[in-house]
Amino acid sequence: MLLLGSASMMIRREEKADQEASRAIQVEAFRQSETEEPIEANLLDSLRDCDGWIPELSWVAEVDGAVVGHAICTRGHVDDVPCVGLGPIGVAPDLQRKGVGSSIMHALIGASDAMGEPLIALLGDPSYYSRFGFVASAELGIEPPEAAWGVYFQVRPLTAWSASITGQFRYAAPFDELD
Ligand SMILES: CC(C)(COP(=O)(O)OP(=O)(O)OC[C@H]1O[C@@H](n2cnc3c(N)ncnc32)[C@H](O)[C@@H]1OP(=O)(O)O)[C@@H](O)C(=O)NCCC(=O)NCCS
(Lines give C-alpha, C1' and ligand atoms only; values in the text may rest on other atoms or scores of the structure.)
Protein backbone atom coordinates (compact mmCIF):
# COMPACT_ATOMS: atom_id res chain seq x y z
CA MET A 1 0.00 0.00 0.00
CA LEU A 2 1.19 3.52 -0.79
CA LEU A 3 1.50 5.48 2.44
CA LEU A 4 3.05 8.76 1.41
CA GLY A 5 0.23 11.09 2.41
CA SER A 6 -0.04 14.04 0.08
CA ALA A 7 3.50 13.61 -1.30
CA SER A 8 3.78 12.87 -5.01
CA MET A 9 5.96 10.02 -6.24
CA MET A 10 7.40 9.44 -9.66
CA ILE A 11 9.31 6.39 -10.89
CA ARG A 12 11.60 7.10 -13.82
CA ARG A 13 14.87 6.15 -15.46
CA GLU A 14 18.02 7.23 -13.69
CA GLU A 15 19.87 10.00 -15.48
CA LYS A 16 23.54 10.88 -15.16
CA ALA A 17 22.62 13.80 -12.88
CA ASP A 18 20.92 11.38 -10.44
CA GLN A 19 23.92 9.12 -9.91
CA GLU A 20 25.33 10.86 -6.85
CA ALA A 21 21.94 11.02 -5.13
CA SER A 22 21.03 7.45 -5.98
CA ARG A 23 24.39 6.18 -4.73
CA ALA A 24 23.82 8.04 -1.45
CA ILE A 25 20.41 6.37 -1.11
CA GLN A 26 21.93 2.92 -1.59
CA VAL A 27 24.66 3.69 0.96
CA GLU A 28 22.09 4.77 3.55
CA ALA A 29 19.75 1.86 2.78
CA PHE A 30 22.49 -0.77 3.23
CA ARG A 31 24.67 0.98 5.83
CA GLN A 32 25.62 -1.23 8.80
CA SER A 33 28.41 0.89 10.26
CA GLU A 34 28.81 4.61 10.91
CA THR A 35 32.28 4.67 9.42
CA GLU A 36 32.33 2.18 6.55
CA GLU A 37 30.43 2.23 3.31
CA PRO A 38 28.48 -0.96 2.61
CA ILE A 39 29.80 -3.22 -0.16
CA GLU A 40 26.77 -2.26 -2.24
CA ALA A 41 28.33 1.19 -2.85
CA ASN A 42 31.37 -0.15 -4.72
CA LEU A 43 29.24 -2.77 -6.38
CA LEU A 44 26.97 -0.06 -7.74
CA ASP A 45 29.94 1.92 -9.11
CA SER A 46 31.32 -1.20 -10.81
CA LEU A 47 27.95 -2.20 -12.23
CA ARG A 48 27.47 1.20 -13.82
CA ASP A 49 30.91 0.87 -15.42
CA CYS A 50 30.55 -2.69 -16.67
CA ASP A 51 29.42 -3.94 -20.09
CA GLY A 52 26.39 -5.57 -18.51
CA TRP A 53 24.78 -2.40 -17.19
CA ILE A 54 21.22 -1.97 -18.49
CA PRO A 55 20.56 1.79 -18.21
CA GLU A 56 17.00 1.29 -19.56
CA LEU A 57 16.26 -0.67 -16.38
CA SER A 58 18.07 1.46 -13.81
CA TRP A 59 15.53 3.64 -12.11
CA VAL A 60 14.94 6.12 -9.36
CA ALA A 61 11.89 6.92 -7.24
CA GLU A 62 11.40 10.61 -6.59
CA VAL A 63 9.17 11.96 -3.84
CA ASP A 64 8.36 15.64 -4.11
CA GLY A 65 11.29 16.00 -6.49
CA ALA A 66 13.94 14.30 -4.31
CA VAL A 67 15.49 10.93 -5.11
CA VAL A 68 14.45 8.52 -2.33
CA GLY A 69 14.81 5.12 -3.98
CA HIS A 70 16.98 3.44 -6.58
CA ALA A 71 17.42 0.11 -8.34
CA ILE A 72 19.92 -1.03 -10.94
CA CYS A 73 19.63 -3.92 -13.38
CA THR A 74 22.44 -5.66 -15.20
CA ARG A 75 22.73 -8.42 -17.76
CA GLY A 76 22.65 -11.88 -16.29
CA HIS A 77 22.55 -15.26 -18.02
CA VAL A 78 20.97 -18.65 -17.41
CA ASP A 79 23.57 -20.76 -19.17
CA ASP A 80 23.65 -18.83 -22.48
CA VAL A 81 20.24 -17.21 -22.26
CA PRO A 82 20.34 -13.47 -21.46
CA CYS A 83 18.06 -12.21 -18.70
CA VAL A 84 17.89 -9.45 -16.08
CA GLY A 85 19.77 -9.36 -12.78
CA LEU A 86 18.12 -6.89 -10.40
CA GLY A 87 19.96 -5.21 -7.56
CA PRO A 88 20.95 -3.61 -5.46
CA ILE A 89 17.63 -1.91 -4.70
CA GLY A 90 17.44 0.56 -1.83
CA VAL A 91 15.03 3.09 -0.34
CA ALA A 92 15.93 5.96 2.00
CA PRO A 93 15.59 4.60 5.57
CA ASP A 94 13.06 7.23 6.66
CA LEU A 95 10.81 6.35 3.72
CA GLN A 96 10.99 2.57 3.89
CA ARG A 97 7.78 0.57 4.28
CA LYS A 98 5.69 3.22 2.57
CA GLY A 99 5.36 1.59 -0.81
CA VAL A 100 8.36 3.11 -2.60
CA GLY A 101 10.21 -0.19 -3.08
CA SER A 102 7.04 -1.91 -4.31
CA SER A 103 6.46 0.84 -6.84
CA ILE A 104 9.98 0.44 -8.23
CA MET A 105 9.57 -3.34 -8.35
CA HIS A 106 6.25 -3.22 -10.21
CA ALA A 107 7.60 -0.71 -12.69
CA LEU A 108 10.78 -2.72 -13.36
CA ILE A 109 8.85 -5.95 -13.82
CA GLY A 110 6.52 -4.28 -16.33
CA ALA A 111 9.36 -2.66 -18.24
CA SER A 112 11.42 -5.87 -18.36
CA ASP A 113 8.40 -7.74 -19.66
CA ALA A 114 7.76 -5.10 -22.33
CA MET A 115 11.41 -5.33 -23.40
CA GLY A 116 10.99 -9.05 -24.05
CA GLU A 117 13.25 -10.20 -21.21
CA PRO A 118 12.44 -13.78 -20.15
CA LEU A 119 13.03 -13.39 -16.42
CA ILE A 120 14.39 -11.24 -13.62
CA ALA A 121 16.69 -12.74 -10.99
CA LEU A 122 17.64 -11.37 -7.59
CA LEU A 123 18.99 -12.26 -4.17
CA GLY A 124 16.64 -11.25 -1.36
CA ASP A 125 14.09 -12.17 1.25
CA PRO A 126 11.31 -14.37 -0.19
CA SER A 127 8.82 -12.85 2.27
CA TYR A 128 9.21 -9.57 0.42
CA TYR A 129 9.77 -10.62 -3.20
CA SER A 130 7.18 -13.41 -3.38
CA ARG A 131 4.47 -10.71 -3.48
CA PHE A 132 5.81 -9.69 -6.90
CA GLY A 133 5.71 -13.23 -8.28
CA PHE A 134 9.29 -14.25 -7.51
CA VAL A 135 9.91 -17.92 -6.74
CA ALA A 136 13.00 -19.81 -5.63
CA SER A 137 15.07 -20.23 -8.79
CA ALA A 138 15.42 -23.98 -8.19
CA GLU A 139 11.65 -24.34 -8.70
CA LEU A 140 12.26 -23.40 -12.35
CA GLY A 141 15.43 -25.45 -12.73
CA ILE A 142 17.79 -22.48 -12.37
CA GLU A 143 20.83 -22.90 -10.14
CA PRO A 144 21.88 -19.93 -7.97
CA PRO A 145 25.39 -18.51 -8.49
CA GLU A 146 26.17 -19.86 -4.99
CA ALA A 147 24.41 -23.05 -3.89
CA ALA A 148 24.25 -21.70 -0.32
CA TRP A 149 21.88 -18.91 -1.40
CA GLY A 150 19.10 -21.49 -1.66
CA VAL A 151 15.58 -20.04 -1.57
CA TYR A 152 16.98 -16.49 -1.26
CA PHE A 153 17.95 -16.58 -4.93
CA GLN A 154 14.72 -15.97 -6.75
CA VAL A 155 13.43 -15.44 -10.26
CA ARG A 156 10.35 -13.80 -11.72
CA PRO A 157 9.34 -15.45 -15.02
CA LEU A 158 7.99 -13.00 -17.61
CA THR A 159 5.91 -13.43 -20.77
CA ALA A 160 8.97 -14.43 -22.83
CA TRP A 161 9.98 -17.08 -20.27
CA SER A 162 10.10 -20.69 -21.40
CA ALA A 163 10.43 -23.83 -19.28
CA SER A 164 13.48 -24.72 -21.39
CA ILE A 165 15.46 -21.89 -19.73
CA THR A 166 17.29 -23.92 -17.12
CA GLY A 167 20.85 -24.20 -15.86
CA GLN A 168 23.36 -22.07 -14.03
CA PHE A 169 22.67 -18.38 -13.41
CA ARG A 170 25.55 -15.92 -13.82
CA TYR A 171 25.42 -12.26 -12.79
CA ALA A 172 27.37 -9.49 -14.54
CA ALA A 173 31.11 -9.70 -13.74
CA PRO A 174 31.26 -7.20 -10.81
CA PHE A 175 29.19 -9.57 -8.67
CA ASP A 176 32.00 -12.15 -8.95
CA GLU A 177 34.45 -9.64 -7.47
CA LEU A 178 32.44 -9.34 -4.23
CA ASP A 179 34.01 -12.40 -2.57
C1 LIG B 1 13.86 -3.75 0.73
C2 LIG B 1 13.41 -2.32 0.37
C3 LIG B 1 14.00 -1.92 -0.95
C4 LIG B 1 11.89 -2.35 0.28
O5 LIG B 1 11.43 -1.06 -0.03
P6 LIG B 1 10.27 -0.40 0.85
O7 LIG B 1 9.89 0.86 0.19
O8 LIG B 1 10.74 -0.32 2.26
O9 LIG B 1 9.14 -1.53 0.76
P10 LIG B 1 7.60 -1.35 0.53
O11 LIG B 1 7.12 -0.22 1.39
O12 LIG B 1 7.27 -1.31 -0.88
O13 LIG B 1 7.04 -2.71 1.08
C14 LIG B 1 6.80 -2.82 2.44
C15 LIG B 1 6.63 -4.26 2.77
O16 LIG B 1 7.83 -4.95 2.54
C17 LIG B 1 8.29 -5.56 3.72
N18 LIG B 1 9.73 -5.46 3.69
C19 LIG B 1 10.46 -4.36 3.46
N20 LIG B 1 11.77 -4.69 3.49
C21 LIG B 1 11.83 -6.01 3.73
C22 LIG B 1 12.90 -6.93 3.87
N23 LIG B 1 14.19 -6.55 3.77
N24 LIG B 1 12.58 -8.20 4.12
C25 LIG B 1 11.30 -8.60 4.24
N26 LIG B 1 10.25 -7.76 4.09
C27 LIG B 1 10.52 -6.49 3.87
C28 LIG B 1 7.65 -4.79 4.82
O29 LIG B 1 7.48 -5.56 5.96
C30 LIG B 1 6.32 -4.45 4.22
O31 LIG B 1 5.47 -5.57 4.31
P32 LIG B 1 3.94 -5.38 4.61
O33 LIG B 1 3.39 -4.57 3.45
O34 LIG B 1 3.44 -6.80 4.61
O35 LIG B 1 3.89 -4.68 5.91
C36 LIG B 1 13.82 -1.29 1.48
O37 LIG B 1 13.21 -1.65 2.69
C38 LIG B 1 15.32 -1.17 1.68
O39 LIG B 1 15.95 -0.32 1.06
N40 LIG B 1 15.89 -1.96 2.60
C41 LIG B 1 17.31 -1.87 2.90
C42 LIG B 1 18.15 -2.38 1.76
C43 LIG B 1 17.74 -3.77 1.34
O44 LIG B 1 17.62 -4.66 2.18
N45 LIG B 1 17.54 -3.96 0.02
C46 LIG B 1 17.08 -5.20 -0.55
C47 LIG B 1 18.11 -6.23 -0.60
S48 LIG B 1 17.47 -7.59 -1.51
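Our subject is the structure listed above.
The notes below deal with the structure included here.

Scoring rules and cut-offs
Residues numbered from 1 in each chain as written. Predicted model: local features only at pLDDT ≥ 70, side-chain atom pairs only at ≥ 80, totals over all residues. Heavy atoms only, no water. Helix = DSSP H or I, 4+ residues; strand = E, 2+ residues; numbered from the N terminus. Rg over C-alpha atoms; globule rule 2.2 N^0.38 Å. Buried < 20%, exposed > 50% of the residue type's maximum accessible area, 1.4 Å probe, protein only. Contact = heavy atoms within 4.5 Å. Areas by Shrake-Rupley, 256 points an atom, 1.4 Å probe, with all protein chains shown as cover. Lys, Arg positive; Asp, Glu negative; His and termini not counted. Charge placed at Lys NZ, Arg CZ, Asp CG, Glu CD. Near = heavy atom within 4 Å. 1 Å grid on protein atoms, 1.4 Å probe; cavity = no way out; pocket = protein on both sides within 12 Å on 5 of 7 lines; lining within 4 Å. Sits in = over half its atoms within 2 Å of the grid points. Nonpolar A, V, L, I, M, F, W, Y, C, P; charged D, E, K, R; others polar. Polar contact = N/O pair within 3.5 Å; in protein donor to acceptor, adjacent residues only side chain to side chain. Pairing = 2+ DSSP bridges. Points joined across faces, edges and corners; volume = space filled by probe spheres on them.

**Let's talk about the overall build of the chain**
Point 1. Within the chain one finds four helices and nine strands.
Point 2. Its C-alpha atoms give the chain a radius of gyration of 16 Å, within 12% of the compact-globule value 16 Å for 179 residues.
Point 3. Counting only C-alpha atoms and orienting by the principal axes, one finds that the chain spans roughly 45 × 35 × 30 Å.
Point 4. Among the 179 residues that make up the chain, the fraction classed as buried is 46%.
Point 5. The long-range fraction of contacts in the chain, counting pairs at least 24 apart against all pairs at least 6 apart in sequence, stands at 67%.
Point 6. Counting every atom, the chain has about 9,100 Å² of accessible surface; 50% of that belongs to carbon and sulfur.
Point 7. Side-chain charges of the chain comprise 12 positive and 27 negative groups, with the mean position of each set lying 6 Å from the other.

**With respect to the site of the ligand**
Point 1. Taken together, 19 residues lie around the ligand, and Val91, Arg97, Gly99, Gly101 and Ser102 are the ones closest in.
Point 2. Protein coverage of the free-state accessible area of the ligand, which is 860 Å², stands at 70%.
Point 3. Its atoms largely coinciding with the cavity grid, the ligand occupies the largest pocket.
Point 4. Every element with two or more residues in the shell around the ligand is listed here: helix 1 (19–30), strand 4 (81–91), helix 3 (100–114) and helix 4 (126–129).
Point 5. Class assignment for the residues of the shell around the ligand results in eight nonpolar, seven polar and four charged.

**Looking at the side chain of histidine 70**
Point 1. Tracing the sequence through the fold places histidine 70 in strand 3 (residues 66–78).
Point 2. For histidine 70, a relative accessible area of 0% gives the class buried.
Point 3. Of note is the side chain of histidine 70, whose polar atom sits 2.9 Å from the side chain of glutamine 26.
Point 4. Apart from residues no more than four positions distant in its own chain, histidine 70 is found in contact with Glu14, Ser22, Ile25, Gln26, Leu44, Arg48, Trp59, Val60, Pro88, Ile89, Gly90 and Ile104.

**Here's the deal with the pairing of strand 2 (residues 59–63)**
Point 1. Most of strand 2 is tucked away: five of the five residues are buried.
Point 2. Of the two faces of strand 2, the one holding Trp59, Ala61 and Val63 and the one holding Val60 and Glu62 are both buried throughout.
Point 3. In this sheet, strand 3 lies alongside strand 2 in antiparallel orientation, the contact comprising five bridges. Across the sheet, the residue bridging to tryptophan 59 is alanine 71, located in strand 3.

**Thoughts on the pairing of strand 4**
Point 1. Burial runs high along strand 4: nine of the eleven residues are buried.
Point 2. Strand direction decides the pairing type here: strand 3 and strand 4, joined by nine bridges, are antiparallel. Residue pairing for strand 4: threonine 74 is matched across the bridge by glycine 85.
Point 3. Linkage of strand 3 to strand 4, two consecutive antiparallel strands, is achieved through a turn of two residues, within which aspartate 79 is found at a positive phi near 50°.
Point 4. Here strand 4 runs beside strand 5 (residues 119–123); their pairing, made up of two bridges, is parallel. By the bridge assignment, valine 84 is partnered in strand 5 with isoleucine 120.

**Let's talk about the layout of surface pockets**
Regions of empty space are outlined by a rolling probe, equal in size to a water molecule, passed over the atoms.
Point 1. By volume, the largest pocket is sized at about 1,100 Å³.
Point 2. In terms of lining residues, the largest pocket is bounded by 36 residues, among which Phe30, Ile89, Leu123, Gly124 and Tyr129 are the most central.
Point 3. Among the elements of the structure, helix 1, helix 2 (39–49), strand 4, helix 3, strand 5 and helix 4 are those that each provide at least two residues to the lining of the largest pocket.
Point 4. Here the lining of the largest pocket takes six residues from strand 4, the largest share from any one element.
Point 5. Here the residues of the lining of the largest pocket sort into 20 nonpolar, eight polar and eight charged.

No statement about biological role is implied by the geometric values presented.
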